[in-house]
Amino acid sequence: MTIVLGVLEEGLIYAIMALGVYITYKILDFPDLSVDGTFPMGAAVTAMLILKGVDPVVTLVLAFLGGAAAGCVTGFIHVKMKVRDLLSGIIVMTALYSINLRIAGKSNVPIFSKETIFENEWLTNHVPEALDPYVVTIILLIIVVICKILLDLYMQTRSGYLLRAVGDNDTLVTSLAKDKGMVKIIGLAIANGFAALAGCVYCQQKGFFEISMGTGTMVIGLANVIIGTKLLKKFGAVKATTAVIVGSIVYKACVSLAIALGMGASDLKLITSVLFLGILVFSNMQDGRGKTHA
Amino acid sequence: MKKSVKVMMMAAAMMALAGCSSNKAPETTAAPAETTAAATTGETTAAQAEETTTMPEGVAEIVDGTFTVGIGQFAEHGSLDNCRTGFLQGLADEGIVEGKNLTVLYENAQADGGTASQIMDNFLAKKADVICAIATPIAQSAYSAAKKDGVPVIYTAVTDPVLAELAGADGTPVGEITGTSDKLPVEKQLEMIRKMLPDAKKIGIMYSTSEINSVSAIEEYKAAAGNYGFEIVESGISTTADIPLAADNLLGKVDCLNNLTDNTVVSSLPLILDKAAKKNIPVFGSEVEQVKIGCLAAVGLDYVKLGEQTGKMAAKVLKGEKKASEMNFEVIEEAAFYGNNKVAENLGVEIPAELADSAAGLFDEITVK
């Protein structure tokens, strides 16, 4: 049971970030590496704000905004300064390492003794003891579902349509007299906002910020998106956002299974790669045509 | 039909991969973990490891019952490996011997925070009686993961448990968690450097900005340096790749270098030693392993001893003598002097007799790793 809850907790946290990667990778076709920096940025902002006595729920919003700002920078560098997509992400990710250290003040900030969204007086008073082990999972589920619904709703707005149009057919956007660069920037802002939000939730759940926590975020995000969308492709009725969330949980379950089967934790990156490659090759064979950039 | 065959093939491939790795990972099975530690930490440790495997029978009576301990180590690194060796030795001294009444689950997070928390979930799922966390970040992961289930956590190599919020300001545990600290004896180190190099003015210290222990050690050095007439020149790096440039830059400005227990810097120590030797600048270490590989001298900790002390604390918890929450975290009081005669000869520096006489270890050669 512990392991199932562990998988759900980890999977749901990364699902928030994966929703963002879904926007950049699937919709905008933009390999955005800045999430490796915005994920710990969300955590740094959160740790700092919580230490200053800000309400943990408010930090969720502020972390999202912080990440969105960083996403705007990536977008600005790419669109206005005409730097290649991959490079703009790398530039922002690298810069964020220093910025995150500045925000947090040091490389490791514990918040064990503070109230978080998972541990506070209200919860202790209102949640029956029998539910205790499930509280974290339930709260995470609520956050993820809210994020998913908001994103789905956004996709149906005018701005959301334009976002999807830029990925599919950007000439259409130009012909509608809309600035496709601006749309890309908005997309990156939302994506990095989600990454930072995931970092915020992660920090509150684990009880500390650590500068190295963002390493490999992008790869996990991509794996989640690809696993989710490929696995659930057959079920046409399932929304892509739902697929991404399922993908995150499946991915973490695979990693957990690998550890449980006796693989060393040091081999985890190899498992990630193999799993990743396997899913890609599998889905390409299924498509019958190889996507060159996948 | 075709699809499901492919899925099966993939699953089979994953299992095969997992299977072959488990054969290669002796740490997780009953084989003694000491052998792996010894392989990475050179001769002396190998000798100690031999002791470990032979000593237990004669020393302590095997305690009744079976125990499972999950050891989560943050990174692969001489000092941390020594902690683990010492930890198992400490348990063995108390009659809890691996392979007899103790199952050891060992995982290394390879400096990845995300992996660290999954390791902890795995330990909890396998019903570890005690979790041993080696180094600060994984100790924090262990605490947040084990809190729910009330599984006791024993940490070691955490420089400042108070700053890491694993202990209250008075040293009392914040929950079912306690252990040992590897706080550096800063004043003693400075005093030793002053004795070795009477004319030196500037000490260069390289550290990685991502390691909280180093940042707090730097502050302590800066505060104490004035008392011994030194000035600290610091150089922060963020990755191993920054080290060559930072070393060249720093070596141009200082009379000697001093090492902390910074994981990133220590991993690249041979490179720094090489550069410093070319300029005839002494490098001081922070523990015995560093002196063996070419630092001039160190007033430092013996991580094997630190591990042993930690193992004894864990044994108390396992035997039910004390709860983790009832023990304050411990430090090793006496710091020992280690010197390297060969390095001193190369540099034309003499190790003062006063220090040499009190030395816990003097080495006549430089061990090349």
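Residues numbered from 1 in each chain as written. Chains lettered and ligands numbered in written order. Predicted model: local features only at pLDDT ≥ 70, side-chain atom pairs only at ≥ 80, totals over all residues. Heavy atoms only, no water.

(A) A look at the overall build of chain B. Of regular secondary structure, chain B possesses 15 helices and 13 strands. Taking all 369 residues of chain B together, 57% fall into the buried category. Restricting to contacts in chain B with at least 6 residues of sequence separation, those with at least 24 account for 71%. On chain B, roughly 14800 Å² of surface is accessible, and the fraction owed to carbon and sulfur atoms is 54%. (Helix = DSSP H or I, 4+ residues; strand = E, 2+ residues; numbered from the N terminus. Buried < 20%, exposed > 50% of the residue type's maximum accessible area, 1.4 Å probe, protein only. Contact = heavy atoms within 4.5 Å. Areas by Shrake-Rupley, 256 points an atom, 1.4 Å probe, with all protein chains shown as cover.)

(B) Local environment of the sheet that holds strand S11 (residues 330–331) of chain B. Residues and elements named next belong to chain B. If you walk across this open sheet you meet the six strands as S2-S1-S3-S4-S5-S11, and the pairing is parallel. Bordering the open sheet on either side are strand S2 (102–108) and S11, each of which pairs with just one other strand. Direction of pairing for strand S4 (residues 153–156) relative to strand S5 (residues 177–181): parallel, over a ladder of three bridges. The residue of S5 that forms the bridge with Val153 is Ile177. (Pairing = 2+ DSSP bridges.)

(C) Quick look at the environment of Ile281 of chain B. All names here are of chain B. With respect to the element layout, Ile281 can be found in the loop between helix H11 (269–278) and strand S9 (283–284). Residues Ile281 and Asn82, 199 residues apart in the sequence, show an inter-C-alpha distance of 28 Å. With near-sequence residues (within four places) excluded, Ile281 lies in contact with Leu251, Val254, Asp255, Cys256, Leu257, Ala276 and Leu347.

(D) How the structure looks around the pattern of salt bridges. Tallied over the entire structure, the rule returns 16 salt bridges over all chains. Among the ionic pairs, Glu191 of chain B bridges to Lys195 of chain B, the shortest N-O distance being 3.5 Å. Taken together, the residues span about one helical turn, with Glu191 of chain B and Lys195 of chain B both in helix H7 (residues 186–196) at a distance of four residues. In this structure Lys195 of chain B comes out as partly exposed when scored by relative accessible area, which is 31%. Among the charged side chains, a salt-bridge network with shared partners connects Glu10, Lys206 and Lys252 of chain A. (Salt bridge = Lys/Arg side-chain N within 4 Å of Asp/Glu carboxyl O.)

(E) Here's a closer look at the sheet that holds strand S7 (residues 231–237) of chain B. Residues and elements named next belong to chain B. Spatial strand order, S7-S6-S8-S9: four strands in an open sheet with parallel pairing. Lying at the two open borders of the sheet, with one neighbouring strand each, are S7 and S9. As paired strands, strand S8 (residues 256–258) and S9 are joined by two bridges and run parallel to one another. Residue pairing for S9: Asn258 is matched across the bridge by Phe284.

(F) Spatial organisation of the domain arrangement of chain B. All names here are of chain B. Entries for chain B in the domain assignment read domain 1 (8–182 + 303–331) and domain 2 (186–300 + 335–363). Taken together, the contacts link 13 residues of domain 1 with nine residues of domain 2. Counting the surface lost from both domain 1 and domain 2, the interface buries some 890 Å², and carbon and sulfur atoms represent 46% of this. For the interface between domain 1 and domain 2, the tally reads zero salt bridges. On the surface where domain 1 and domain 2 come into contact, there are two residue pairs in polar contact (both at pLDDT 80 or more). If you list the elements that add at least two residues to the side of domain 1 that touches domain 2, you get helix H2 (34–54) and helix H4 (78–93). Here the side of domain 1 that touches domain 2 is built from residues that sort into four nonpolar, eight polar and one charged. (Domains from an automatic or database assignment. Buried area = accessible area lost by both parts, 1.4 Å probe. Polar contact = N/O pair within 3.5 Å; in protein donor to acceptor, adjacent residues only side chain to side chain. Nonpolar A, V, L, I, M, F, W, Y, C, P; charged D, E, K, R; others polar.)

(G) Structural detail: the confidence of the model for chain A. Confidence in the prediction for chain A averages 88 pLDDT; 97% of positions are at 70 or higher. Within chain A, the lowest mean pLDDT, 78, falls on helix H12 (residues 268–287) of chain A, and the highest, 96, falls on helix H3 (residues 56–79) of chain A. (pLDDT = per-residue confidence, 0-100.)

(H) Just the packing of H7 of chain B against helix H8 (residues 212–225) of chain B, in detail. All names here are of chain B. Direction vectors running N to C along H7 and H8 enclose 55 degrees, while the axes themselves pass 10 Å from each other. The angle between the axes of H7 and H8 places the two elements in the oblique class. In terms of crossing hand, the pair formed by H7 and H8 is right-handed. Of the residues in H8, those touching H7 at Val186, Glu187, Gln189 and Leu190 are Glu220, Tyr221, Ala224 and Ala225. (Axes fitted to C-alpha atoms, helices over the stretch in contact; angles between N-to-C directions. Parallel < 35°, antiparallel > 145°, perpendicular 65-115°, else oblique. Left-handed = near helix turned anticlockwise from the far one by under 90°.)

(I) Structural detail: the interface of chain A and chain B. Counting residues at the interface gives 45 residues for chain A and 45 residues for chain B. The residue Glu9 of chain A makes a salt bridge to Lys148 of chain B at a minimum N-O spacing of 3.0 Å. Elements represented by at least two residues in the side of chain A that touches chain B include exactly helix H1 (2–27), helix H4 (85–104), strand S1 (108–110), helix H9 (180–206), strand S2 (208–210), helix H11 (240–260) and H12 of chain A. Among the elements that take part in the side of chain A that touches chain B, H12 of chain A stands out by supplying 10 residues, more than any other. Residue composition of the side of chain A that touches chain B, grouped by class: 22 nonpolar, 13 polar and 10 charged.

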